Amino acid sequence: MFKSIRGTKDIFQPEIFRWQRLESIVHKVMKNYNFTEIRTPIFEETSLFARGIGNETDIVGKEMYTFKDKSDNSLTLKPEMTAAVVRAFIQHNLGEIRSVNKFYYISPMFRQERPQSGRLRQFHQVGAEIFGVKNYTADGELIILAFDLLEQLNVKNLELHLNSVGCQNCRPNFIKKLVEYFEPIKEKLSLESQHRLNKNPLRILDSKDEKDIEIKQNAPSILDNLCDECKSHYEGLKDFLLKNNISFIENPYLVRGLDYYTKTAFEFTSSDLGAQNAICGGGRYDLLVEQLGGKPTPGVGWACGIERILLASEKYEDPLENRLDVYFVIQRQDYKIKAFQILRELRKNNFTCEMDLLDRSLKAQMREANRLNAKFALILGDEEFQKNSVIVKELVSGHQEEILLDNLLDYLREKINFTNGKN
RNA sequence: GUGAGCGUAGCUCAGCUGGUAGAGCGCCAGAUUGUGGCUCUGGUGGUCGUGGGUUCGAUCCCCAUCGCUCACCCCA
């Protein structure tokens, strides 16, 4: 039997109702914040990600779905979205059209990791990016946007971790200090961190290894080593957040796994998730646009994992039910055509309707109406067929009355509008 | 990539240290002479993940493989 590829999932009812609701909330919130949607292709030239995310990162080094097409071009299924959005930004000269560009996206991403709770090989992210704003206001707006969005999506027990990873002026000095601190005691570090000491010393700070955690307690903090510009940016952002009632935890160990970040780095975690507790991550990338061949343009952004949002919010949400307004029941198959014509009219008038497609007995049709939790069963029997009427039965109460077809629409409108304000 | 646990009907699971499988729910139908839910009755449904091996005989033991789950790693 064919099966979906490891780490990929089919999404259908009832799960799909949660996805659809999430997507509509995202579109609504983004509209209110005046972000516009951007959709980019599912794959890009491999070198876009290699240069954008960084060759030394795990994502590029070992997790990408990379393949050659028939023309021998190396292509890669996007493992994250920022590099792709930046590519589009540059390609279409979007920075020339307006000085500030605010984009959001909902898109699948692909990384070949071992699946576990909250981690798939094809997963989905909703994300937002702002181009063209150097000051902390953009960072602030994005963080507040993420906060409000997650709240609307019923994600609770959130923690916001905040850090600054400095810029090209102050980070090299800090890394030097860091190496000077760790080098003499490197035997005490975990094997992986010893390896990182050469390649990417910052990531030692991020380690969860017990030995590393102890050693890094006394390591120099990036926050004490920021240049004036980074420092005032960071202080400005903190103040901005506090005055907007966003609480956060200063976490000088927060180092994100993508190389392009400068200054602000942040992460929302939720205790309603398993080990993979990061639900949203992002930061500033002031050098990326230039690095990928565009005019120097500051940028900030974040991405949230949709599967993780759904996982974290599940227990706070009532199960969605897919209620039917009308289930049409006929006594004999001769009435099928007439029933379908009536049904079509009701559907055109925005009622959710269904009828039996299997030529089943009246009894079976009633059972189905009940199973589908229809508000009304419309019953067309011999008598009603003659009189051009139909029985309208409210399933919850069992109450029923005979209604002339000419009056059916008005009757249902009144009944159903009364119960749920639809139409 | 590493580790642990688990793969038996559509779903949730049982199967007593080897004799080719069961329950509940679901689904279908009947009891009901045009009308669902409750109840009762009957029925449908599984090459026991896959491939080897041991054995007279394997869902059960052994090996391999694939998959699922969780954790490490990394990240959303």
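Focus: the environment of T352
Among the secondary structure elements, T352 is positioned in the loop between α13 (336–348) and β13 (353–355). Residues T352 and L191 lie 161 residues apart in sequence; the distance between their C-alpha atoms is 61 Å.

A look at the layout of surface pockets
Computed from the structure, the second largest pocket encloses a volume of approximately 450 Å³. Considering the residues around the second largest pocket, the lining is formed by 20 residues, among which K9, W19, L120, E307 and L311 are closest to the centre. When contributions to the lining of the second largest pocket are tallied by element, the ones reaching two or more residues are α1 (15–32), β6 (122–131) and α12 (306–313). In terms of residue class, the lining of the second largest pocket is made up of six nonpolar, seven polar and seven charged.

Some thoughts on the environment of A374
Relative to the helices and strands, A374 resides in the loop between α14 (362–371) and β14 (376–380). Sequence spacing of A374 and L324 is 50 residues, and the spatial spacing of their C-alpha atoms is 4.4 Å. Setting aside residues no more than four positions away along its own chain, A374 makes contact with R323, L324, D325, V326, Y327, A369 and L395.

Quick word on the protein's contact with RNA strand B
In the vicinity of RNA strand B there are 52 residues, among which R111, R196, R203, R256 and G257 approach most closely. One nitrogen or oxygen atom from the side chain of R371 is found 2.6 Å from a phosphate oxygen belonging to RNA strand B. A distance of 2.8 Å is found between a base nitrogen of RNA strand B and a backbone nitrogen or oxygen belonging to G381. With seven residues, α14 is the largest single contributor of residues to the surface near RNA strand B. Within the surface near RNA strand B, the residues separate by chemical class into 15 nonpolar, 15 polar and 22 charged.

Remarks on the sheet that holds strand β9 (residues 262–270)
Strand pairing in a sheet relies on backbone hydrogen bonds, with the paired strands running either antiparallel or parallel. With mixed pairing, the eight strands of this open sheet are ordered in space as β1-β5-β6-β11-β10-β9-β7-β8. The sheet is open, and its two borders are formed by β1 (36–37) and β8 (249–250), each paired with just one other strand. Taken together, the seven bridges between β6 and strand β11 (residues 299–305) define a ladder with antiparallel strand orientation. Looking at the pairing, A128 lines up with W302 of β11. The sheet contacts of helix α4 (residues 82–91) involve β5 (101–110) and β6, and relative to β6 the element is tilted by about 45 degrees. Sheet contacts for helix α10 (residues 228–243): β7 (158–164), β8, β9 and β10 (278–284); angle to β7, the most-contacted strand, approximately 160 degrees.

Criteria and thresholds
- Residues numbered from 1 in each chain as written.
- Chains lettered and ligands numbered in written order.
- Predicted model: local features only at pLDDT ≥ 70, side-chain atom pairs only at ≥ 80, totals over all residues.
- Heavy atoms only, no water.
- Helix = DSSP H or I, 4+ residues; strand = E, 2+ residues; numbered from the N terminus.
- 1 Å grid on protein atoms, 1.4 Å probe; cavity = no way out; pocket = protein on both sides within 12 Å on 5 of 7 lines; lining within 4 Å.
- Points joined across faces, edges and corners; volume = space filled by probe spheres on them.
- Nonpolar A, V, L, I, M, F, W, Y, C, P; charged D, E, K, R; others polar.
- Contact = heavy atoms within 4.5 Å.
- Near = heavy atom within 4 Å.
- Polar contact = N/O pair within 3.5 Å; in protein donor to acceptor, adjacent residues only side chain to side chain.
- Pairing = 2+ DSSP bridges.
- Axes fitted to C-alpha atoms, helices over the stretch in contact; angles between N-to-C directions.

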